Amino acid sequence: MRSPEELHLTDWASLEHSYGSGTDVPDWIRGLYAEAREAVDRALGELFNRALHQGTVSSAGAAAVPYLAHAAVHAVHRRDDMLAFIATTGGAEEEYEGEADESGFEDKVTGRTLAAEELPGLLGLLRDDPNPEVRRRLVRVARWAAAGECLPLAVAALTAFQREDPAPAVRAEALTVLRFLDADPAGRLRAALADPEPAVRATAALGLLEAAELPYPAELLDVLVADGGDPAFRVVSGEWFPGVGNTDDRLRYLLDEDAEATRAVAAAWIAAGDHDGRGARRALRLAERWRGYEEEAAALLAAALPHQHEWYWRMRVLDGLADLVARCADPGPIVEAVLPHTTDPDWRIHRPAQLALGRAGDTRLLTTVPQPEAAALDALAARTDDLDLRRRALAPKPCGGCGSMHGRADELLDTLTPENAAPLLPELTALLRTRPTVKLVRFLGGTGLTDPELRDLLGELAAGEDRQLAPASAVAAARLGADPEPALHLLAERTDCLADIALLGPPGAPLLPLVERCLTEGHPRQRVEAAEAHWRITGDPDRALPVLLAALSRRAPAVHALTVLRRIGRPLPPEHRALVEGWLATDRRVPVGKDHFWNMREEDQLRAEARLLLAHRP
C-alpha cells in the first residue's frame with residue numbers, strides 16, 4: 001500500500017484519465033483522507049467520474065489502486081466505496097507504462113495486477129472491520145485480485161467469510177464470488193442450500209438455477225421463492241461491478257424463461273414486504289415479456305403499491321398499472337388501487353394514477369380529481385362519447401416549442417371515424433392550423449369532409465417546406481377533391497413517401513415506375529408499403545401478393561402486411577396460413593425480433609391482425 005507521502009514516486013504526467021493528464025489525481029487521493037465527509041465525497045466523485053469514466057479504466061485510474069488501498073484502510077469516510085473503486089479497476093485489462101526503476105511498477109501493469117499486490121494486506125487489515133459494507137466490498141476486490149500466488153489465500157479468506165461472517169449479505173457475496181474461484185462451485189452451492197441464513201440459501205439457489213435447464217428444478221425455485229425476499233439478499237438494480245454484474249440482472253435473465261416462476265417469485269417477495277421493489281420489478285417484467293398474464297401482473301402490482309415508500313418505485317408501479325389497464329378485461333381492480341393516488345401532491349405520483357383512470361374510461365376522473373391532468377383527460381376522451389371531452393382533447397396545447405401535436409390527441413384520432421369526426425371539424429381544422437402533423441393530415445384526408453377551408457389549409461401546408469408534411473398534405477387535399485397534380489409533383493422519386501402514394505390511389509398511376517422499383521429494393525417495411533401502393537393504384541393484387549407474403553417471415557413488417565392482405569381479401573396459401581395460425585398457438589412469451597426488440601404492443605398488434613385476417617371472409 002502506498003501512502004499519500006509516496007505520490008511523487010509515480011509519474012502522473014505520463015498517465016491519463018478521461019479528461020486529460022493524470023496530474024490532478026494526487027490531489028484527489030489526498031482528499032480521501034479529509035475529516036469532512038463533503039470533501040471525501042468530492043474527491044471520490046472525481047476519481048470515479050474521470051479515472052473510471054463510463055466504466056473505462058484509465059491508466060491514471062490503474063495507477064491509483066495502491067493509494068486507494070491505503071486510503072481504504074486509513075481514511076475516515078466511504079472506505080467501502082474506495083474498495084469498490086479497486087474492484088472495478090481490477091476487473092478491467094487496461095494497461096499503462098510504468099517507470100520500473102523509480103515507481104516500482106513493471107513495464108506493463110494492469111489494475112488487476114496492482115489489486116493482486118494489495119490483496120493480502122487488505123484481507124488482513126479489513127477482515128474484522130465493523131462495517132459489513134467494507135467487508136462485502138473487500139470480497140469484490142478478491143474477485144479480480146485472486147490470481148497466481150494470491151488465489152489460495154483469497155479462497156481461504158472468502159471461505160471463512162462465507163461460513164463465519166456475522167452479516168448475511170457478506171456471506172452471500174462471498175458465496176457468489178467463490179463461484180468464479182472455486183474448483184467445485186456446484187458442490188459449495190448445494191451445501192449452502194442448508195445454510196441458516198435465507199440470503200445465503202437464496203444466493204445458492206440462484207447460482208444453481210443459472211446452471212440448470214428448463215424446466216427449472218422445483219426444489220431450487222422453492223428456495224428462491226421462500227428466501228429471496230430477505231433484505232440481506234442483495235437485489236439492487238444499480239449496483240454492478242465487472243464480471244459479476246448485479247443480482248437484479250441475473251434474476252431477469254433467469255426468470256424471463258419461465259412466466260410461472262416469475263409470477264411465484266414476485267408474489268412471494270411482494271408479500272414479504274417488497275424490499276427495494278424487488279417483487280414489483282418481477283411483476284413489471286412479467287407484464288412486459290409475457291402475454292396472457294395481464295390480470296396476474298396487475299394484481300401483483302396492486303399488492304406491491306402499498307409497500308412503495310420511495311417515490312421512484314411508487315411511480316414505476318403506477319406507470320405499470322397505467323400501461324396494463326387497457327389490456328385487462330376487467331380494469332376495476334386497477335382503478336381501485338390507483339384511485340387514492342390520483343390526488344397525491346407529487347405530480348410524479350398523481351400523473352400516472354390519473355392516466356390509469358383515463359385509460360380505463362372511468363369518469364370518476366372528472367368528479368374526484370379537482371384538476372385532472374391534460375393527458376388523463378385526453379385518454380378519457382378517446383374512450384368515451386363525450387363530445388366536450390373530445391373537443392378539449394383536440395384543442396391545441398403547448399408542447400415545449402417542438403411544433404408537434406399533443407400526444408394524447410394522437411390517441412383520440414385512432415378512435416375517430418369519418419362519421420364522428422364531422423361534429424369536430426372546427427376543432428380538427430384549428431388543430432391542423434396550429435399543430436399540423438402527418439398523422440393528422442392523413443386522417444383528415446380519409447374523412448371525406450368536403451370543407452373548402454380545410455382543403456385550402458391542406459393546400460397551404462402542401463406548399464410548405466416540411467419534407468414529410470407537404471406531400472402528405474397534398475395527398476390529403478387530393479383525396480378531398482383537390483387537383484392531384486401537386487401531390488404527384490411532391491411524391492416524384494420520394495421512396496420514403498410510399499405510404500402517401502398508396503393513399504393517393506389510382507391518381508398516383510404516374511408514380512408506378514417508382515413503386516415497382518421499390519417492390520424489390522430497400523428495407524422489408526418499404527417493400528410492403530410499395531406493395532400496398534401498387535395494389536391501390538392498379539386495383540390488381542397480383543404484383544403485391546408475393547411481396548406481402550414474403551414479409552410474413554419477418555415480424556417487423558408483418559403487421560402491415562397482414563393488414564393489407566386482409567383488405568385485399570385473397571385466401572392465404574396453406575403454408576402462410578399455417579404460419580399465421582402458429583402465431584396464435586405458440587407460447588405466450590414476447591419474442592425478440594431479428595432486426596429490433598419486439599415489444600408487447602407490437603406483439604399485440606400482430607396477433608390482433610392475425611385474428612382479423614383468419615376470420616375474414618372475402
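Our subject in this report is the structure included herewith.

About the thresholds
- Residues numbered from 1 in each chain as written.
- Predicted model: local features only at pLDDT ≥ 70, side-chain atom pairs only at ≥ 80, totals over all residues.
- Heavy atoms only, no water.
- Helix = DSSP H or I, 4+ residues; strand = E, 2+ residues; numbered from the N terminus.
- Buried < 20%, exposed > 50% of the residue type's maximum accessible area, 1.4 Å probe, protein only.
- Areas by Shrake-Rupley, 256 points an atom, 1.4 Å probe, with all protein chains shown as cover.
- Lys, Arg positive; Asp, Glu negative; His and termini not counted.
- Charge placed at Lys NZ, Arg CZ, Asp CG, Glu CD.
- Salt bridge = Lys/Arg side-chain N within 4 Å of Asp/Glu carboxyl O.
- Expected span 1.5 Å × (residues − 1).
- Arc of directions from axis to C-beta.
- Disulfide = S-S within 2.5 Å.
- Phe/Tyr/Trp six-rings, centres within 6.5 Å; stacked < 30°, edge-to-face > 60°.
- Lys NZ or Arg CZ within 6 Å of the ring centre and 35° of its normal.
- Polar contact = N/O pair within 3.5 Å; in protein donor to acceptor, adjacent residues only side chain to side chain.
- Contact = heavy atoms within 4.5 Å.
- Core = buried A, V, L, I, M, F, W, Y, C linked by side-chain atoms within 4.5 Å.

Thoughts on the overall build of the protein chain
The secondary structure content of the protein chain amounts to 36 helices and four strands. Reported as C-alpha extents along the three principal axes, the dimensions of the protein chain are approximately 85 × 55 × 55 Å. Per-residue burial for the protein chain yields a buried fraction of 54% across its 618 residues. Surface summary for the protein chain: the accessible area is close to 26900 Å², and the carbon and sulfur share equals 52%. When the 70 positive and 96 negative side-chain charges of the protein chain are each reduced to one mean point, those points stand 5 Å apart.

Quick look at the pattern of salt bridges
Within the structure shown, the criterion is met by 48 salt bridges. Notably, a salt bridge pairs Asp 227 with Arg 201, separated by 2.9 Å at the nearest N-O pair. Taken together, the positions of Asp 227 in helix H12 (residues 218-227) and Arg 201 in helix H11 (residues 198-210) put the pair 26 residues apart, joining distant regions of the chain. The pair formed by Asp 227 and Arg 201 is uniform in burial state, with each residue classed as buried. Taking the shortest distance from any N to any O, the salt bridge between Asp 256 and Arg 289 comes out at 4.0 Å. Of this pair, Asp 256 sits in the loop between helix H13 (247-255) and helix H14 (259-271) while Arg 289 sits in helix H15 (residues 278-289), and the two are 33 residues apart along the sequence.

With respect to helix H35 (residues 574-585)
For H35, with 12 residues, the first-to-last C-alpha span of 16 Å sits near the 16 Å given by 1.5 Å per residue. For H35, the complete set of buried residues consists of His 576, Val 580 and Trp 583. For H35, the angular spread of the buried residues around the axis is 45°, confining them to a single face. For H35, exposure combined with an orientation more than 90 degrees from the buried face picks out Pro 574, Glu 575 and Ala 585.

Observations regarding the state of the cysteines
A covalent bond between the sulfur atoms of two cysteines is what we call a disulfide. One pass over the structure, following the stated rule, counts zero disulfides. Lacking any disulfide linkage, Cys 518 is separated from the closest cysteine sulfur, that of Cys 497, by 11 Å.

A word on the packing of aromatic side chains
Two numbers describe a pair of aromatic rings. These are the distance of the centres and the angle of the planes. In this structure the tally under the stated criterion is five aromatic pairs. Taken together, a centroid distance of 5.9 Å and an interplanar angle of 50° make the contact between Trp 12 and Tyr 67 tilted. Linking Trp 12 in the segment before strand S1 (16-17) with Tyr 67 in helix H4 (residues 65-74), this pair joins segments that are 55 residues apart in sequence. Assigned by exposure class, Trp 12 and Tyr 67 land together as buried. Ring-pair connections join several aromatic residues into one group, and the members of that group are Trp 311, Tyr 312 and Trp 313. The ring of Tyr 19 has Arg 50 lying over it, and the distance from NZ or CZ to the ring centre is 4.6 Å. Above the plane of the ring of Phe 161 lies Arg 127, whose end atom (NZ or CZ) is 5.5 Å from the centre.

Some remarks on the side chain of Thr 342
Within the secondary structure, Thr 342 is located in the loop between helix H18 (332-338) and helix H19 (347-359). Within the structure, the side chain of Thr 342 is placed 2.7 Å from the backbone oxygen of Leu 339, a separation counted as a polar contact. Aside from chain neighbours lying at most four places away, what touches Thr 342 is His 350, Ala 353, Gln 354, Leu 357 and Val 369.

Let's talk about helix H8 (residues 150-164)
Relative to the 21 Å expected for 15 residues at 1.5 Å per residue, H8 spans 21 Å between its end C-alpha atoms, a close match to the ideal helical length. Inspection of H8 places Cys 150, Ala 154, Val 155, Ala 157, Leu 158, Thr 159, Ala 160, Phe 161 and Gln 162 among the buried residues, and these make up the whole buried set. Structurally, H8 contributes buried residues whose contacts are with helix H6 (111-126), helix H7 (132-145), helix H9 (168-181) and helix H10 (185-192).

Focus: the nonpolar core
Formed by 66 residues in total, the largest nonpolar core has its most connected members in Leu 428 and Leu 432. For this core, the element with the most residues is helix H17 (residues 311-324), which contributes seven residues. In this structure, Leu 47, Ala 115, Leu 126 and Ala 142 belong to the second largest nonpolar core, which totals 56 residues.

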